[in-house]
Amino acid sequence: MTRTYPREVDVVIVGSGPTGAAYARILSERAPHATIAMFEVGPTVSDPPGSHVKNIVDADARASAQSASQGPDAGTATVSSPGAVRAGDRRGRPGTFLLPAGYRVDGEDGLPVAAFSSNVGGMGAHWTAACPRPGGLERVDFLDDLDELLAEGDRLLGVTTTAFDGSSFGELVRSRLSAVVDEDRTPEQRVQRMPLAVHRRDDGALVWSGSDVVFGDVTRANENFSLFDETLVTGILVEDGRAVGVSVQDRRDGSRSEVRSAFVVVAGDALRTPQLLWASGIRPAALGRTLNDQHQVVYAARLRDVAPSAPAAGGGALSEQAGVSWVPYTDDLPFHGQVMQLDASPIPVADDDPVVPGSIVGIGLFCAKDVQWDDRIEFDESERDWYGMPAMTLHYSLTDVDRDRLEAARGFIQELAVAVGEPLGDRPFSLPYGSSLHYQGTTRMGAEDDGRSVCSRDSEVWAVPGLFVAGNGVIPTPTACNPTVTSVAFAVRGARAIAERLTASA
Ligand SMILES: Cc1cc2nc3c(=O)[nH]c(=O)nc-3n(C[C@H](O)[C@H](O)[C@H](O)COP(=O)(O)OP(=O)(O)OC[C@H]3O[C@@H](n4cnc5c(N)ncnc54)[C@H](O)[C@@H]3O)c2cc1C
């Protein structure tokens, strides 16, 4: 049956991941009279819509939700944790699918495992939920309200630091890391619990935040808000230089419609947001440029001197003895460290059993990129991707600075592994480029319209009033920390700007 889409709304939101959901939430809170239509190309895979698939207790049902999120790769093999994603491997993580071609150009490094999720909730239905604050040069220095916005990001994502407080080895791991890291660091740069978009239910079970938490009850109760899944936005309508709506295609029957709106928010991830702008003829010089990813070095260490302990209350899909710890970024050591139990980390398991449950700790360092203008996405007029959108080619290379940084990260991670326990294997290894799933910079924010950025502090595209962009592509700085809370913070600011204008004109 053909679905009936609204002919006109106040705000169209493209994409239902955490940043699109943040627009819906803030608008529902601040402009409840505004009509909002959200379009998502993927299917609804969890209940409530957008919830994290790790909250699905039944393993088969969880696997099928992951598979349904994998677009053209539904049903194909993925790398599940624990398991190795070594250089050369081209498999996606569960719930994601890889860019099938154009991920590397001859003579460049490329992003061989650049990936997407297509489902209600986007990657936020599959993520690890780490929400560290950016520090030092990771921070956007022209946003005076960054800390207040990040606090709002925490509120929307339901960030806590206590979810793993019952873990038996967490404190031990942190004290061992602190001994080699904390000297000369400010309190916020010291080893600590990882802020996570996770909370514990009264019965002890862990609940991972997805877009459902970001939407919150206020959006679900908002009669002016509608979410249409399996609907591809194929173009942004522009009249007299202003965004006035979108063209959509119902993926269930192929029918096409137009939906008019006063504002359009594109939250389609860092690769597909620029794709939609480009497909709509909106092609500012910075679009798709300064593409950057966080290269990863991983290692594991075994806590030899610990006794077996009962898993923390709640059980669930992950065992939880070691919790999740954070070694923050500094400008001198531009690495973001995530330290967690092996079954939550992509490292091969040790083979010399018996292993005390939770005693093998995975250590991952994400490195900040030396950002280059020429690292970019190019789109093709004639080639089409699986959805019928312009095919993309990624131009991407590491610089000498990046290679030195990776070498330094290998040295640092070895220090961390020795501090934690007995390193497993003789050296750390690097993950294939694109593994972080944190692509950034392609619709970057700027303080002024100088041709080097796509959007303003409010995330409004300089060239097209009424058009807003959201997601990690908006981040203009080379971050090493996980980016989602930062992108949600930016979305809060953009949504407030729209709410203010809608309220003023009501
Ligand atoms: C396994 C995994 C672990 C991760 N761990 C972390 C972590 O610990 N911390 C962290 O900060 N980040 C993590 N991430 C990344 C995090 O999930 C993303 O940063 C976050 O989801 C980005 O939110 P978003 O709303 O911008 O985009 P997405 O969540 O990618 O959502 C975009 C949505 O837009 C839809 N869309 C795209 N184009 C169109 C179109 N034309 N029409 C209609 N719909 C469209 C897509 O189908 C998708 O559902 C992880 C990701 C994965 C997969």
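Note that the coordinates shown come from a computational prediction; the quantities given were computed from them, not determined experimentally. Along each chain, residue indices are assigned from 1 in the same order as the chain's sequence is written. Confidence filtering applies because this is a predicted model: local features only for residues at pLDDT of at least 70, side-chain atom pairs given and counted only at 80 or more, and all residues used for totals across whole chains, interfaces and linings.

### What about the packing of helix α3 (residues 146-157) against helix α8 (residues 484-505)?
Okay, step 1: Lines fitted to C-alpha atoms define the axes, with helix axes restricted to the stretch in contact, and inter-axis angles between N-to-C directions lie between 0 and 180 degrees. In this description a helix means any DSSP run of H or I spanning at least four residues, a strand means any run of E spanning at least two, and both kinds are numbered starting from the N terminus. Remark: α3 packs on α8, axes separated minimally by 8 Å, with the N-to-C direction vectors making an angle of 105 degrees. Relative to α8, the element α3 is oriented roughly perpendicular. Packed against α3, whose contacting residues are Leu149, Leu150, Glu152, Gly153, Asp154, Leu156 and Leu157, the element α8 presents Val485, Val488, Ala489, Val492 and Arg493 at the interface.
Okay, step 2: Per-class residue counts for the contact of α3 with α8 are eight nonpolar, one polar and three charged. Oblique is the label for any angle not under 35 degrees, not over 145, and not in the 65 to 115 range, which are roughly parallel, roughly antiparallel and roughly perpendicular in turn. What counts as a contact is two residues whose backbone-derived C-beta atoms lie within 7 Å of each other. Each residue is assigned to one of three groups, with Ala, Val, Leu, Ile, Met, Phe, Trp, Tyr, Cys and Pro labelled nonpolar, Asp, Glu, Lys and Arg labelled charged, and all others, Gly among them, labelled polar.

### Description of the environment of asparagine 222
Okay, step 1: For asparagine 222, the position within the fold is in the loop between α5 (211-220) and β8 (225-228).
Okay, step 2: Assessed through the 20 C-beta atoms surrounding it within 10 Å, asparagine 222 is described here as buried.
Okay, step 3: For the pair asparagine 222 and arginine 493, spaced 271 residues apart in sequence, the C-alpha separation works out to 20 Å. Between the buried cut of 20 or more and the exposed cut of 12 or fewer other C-beta atoms within 10 Å of a residue's own C-beta lies the partly exposed class, and all C-beta atoms are placed from the backbone.

### Quick word on α3
Residues separated by three or four positions in an α-helix point in the same direction, a consequence of the helix having 3.6 residues per turn.
Okay, step 1: A helix is expected to span 1.5 Å for every residue after the first. Taking 1.5 Å as the rise per residue, α3 with 12 residues should run 16 Å; its terminal C-alpha atoms sit 16 Å apart, in good agreement.
Okay, step 2: Taken together, the buried residues of α3 touch α1 (18-30), α5 and α8.

### A word on the nonpolar core
Okay, step 1: Nonpolar cores are built from buried Ala, Val, Leu, Ile, Met, Phe, Trp, Tyr and Cys residues. These are joined into a set through C-beta atoms within 7 Å. Counting 146 residues, the largest nonpolar core has Val11, Val12, Tyr23, Leu27, Val265 and Ile363 as its most contacted members.
Okay, step 2: Among the elements that line this core, the one with the most residues is α8, at nine residues.
Okay, step 3: If we skip the residues at most four places from it in the chain, tyrosine 23 touches Ile13, Val265, Ala267, Ala470, Ala491, Gly494 and Ala495.

### A look at the confidence of the model for the chain
Okay, step 1: What pLDDT reports is the predictor's confidence in each residue, on a scale of 0 through 100. Mean pLDDT over the chain works out to 92, with 92% of the residues at or above the 70 mark.
Okay, step 2: For the stretch residues 312-319, pLDDT sits under 50, and the model shows 19 contacts to residues farther than four places along the chain or on other chains.
Okay, step 3: Note on residues 344-348: pLDDT is under 50 here. Beyond four places in sequence and across chains, it has 19 contacts.

### Observations regarding the pairing of strand β14 (residues 335-341)
Okay, step 1: Where burial is concerned, most of β14 is hidden: seven out of the seven residues are buried.
Okay, step 2: Any two strands with at least two DSSP-identified bridges between them are counted as paired. Note that strand β13 (residues 324-327) and β14 share four bridges and pair antiparallel. Across the sheet, residue valine 327 finds its bridge partner in β14, namely glycine 337.
Okay, step 3: Summarising the sheet, β14 and strand β15 (residues 360-367) pair through seven bridges and their orientation is antiparallel. Looking at β15, one finds that phenylalanine 335 is bridged to cysteine 367.

### Looking at the site of the ligand
Okay, step 1: For each residue, a C-beta atom is placed from the backbone, and the residue is labelled near a molecule or strand when this atom is within 6 Å of it. Taken together, 40 residues surround the ligand, and among them Gly15, Gly17, Gly122, Gly268 and Gly471 come closest.
Okay, step 2: Contributing elements (two or more residues each) for the shell around the ligand: α1, β9 (231-239), α6 (272-279) and α8.

### Things to note about unusual backbone geometry
Glycine aside, residues mostly have negative phi angles, and peptide bonds mostly take the trans form.
Okay, step 1: Cis peptide bonds are those with omega within 30 degrees of zero, and the linkage from aspartate 47 to proline 48 qualifies with 0 degrees.
Okay, step 2: Tracing the sequence through the fold places proline 48 in the loop between β2 (36-39) and α2 (59-68).
Okay, step 3: With phi around 50 degrees, aspartate 240 is a residue other than glycine that occupies positive phi space.
Okay, step 4: With respect to the element layout, aspartate 240 can be found in the loop between β9 and β10 (242-250).

### Quick word on the packing of helix α4 (residues 170-181) against helix α7 (residues 400-420)
Okay, step 1: Taken N-terminus to C-terminus, the directions of α4 and α7 make an angle of 130 degrees; their axes are 8 Å apart at the nearest point. Relative to α7, the element α4 lies oblique. Where α4 crosses over α7, the two elements pack in a sense that is right-handed. Contacts from Val173, Arg176, Leu177, Ala179 and Val180 in α4 reach Glu415, Leu416, Ala419 and Val420 in α7. Less than a right angle of anticlockwise turn of the near helix away from the far helix marks a crossing as left-handed, whereas a clockwise turn marks it as right-handed.

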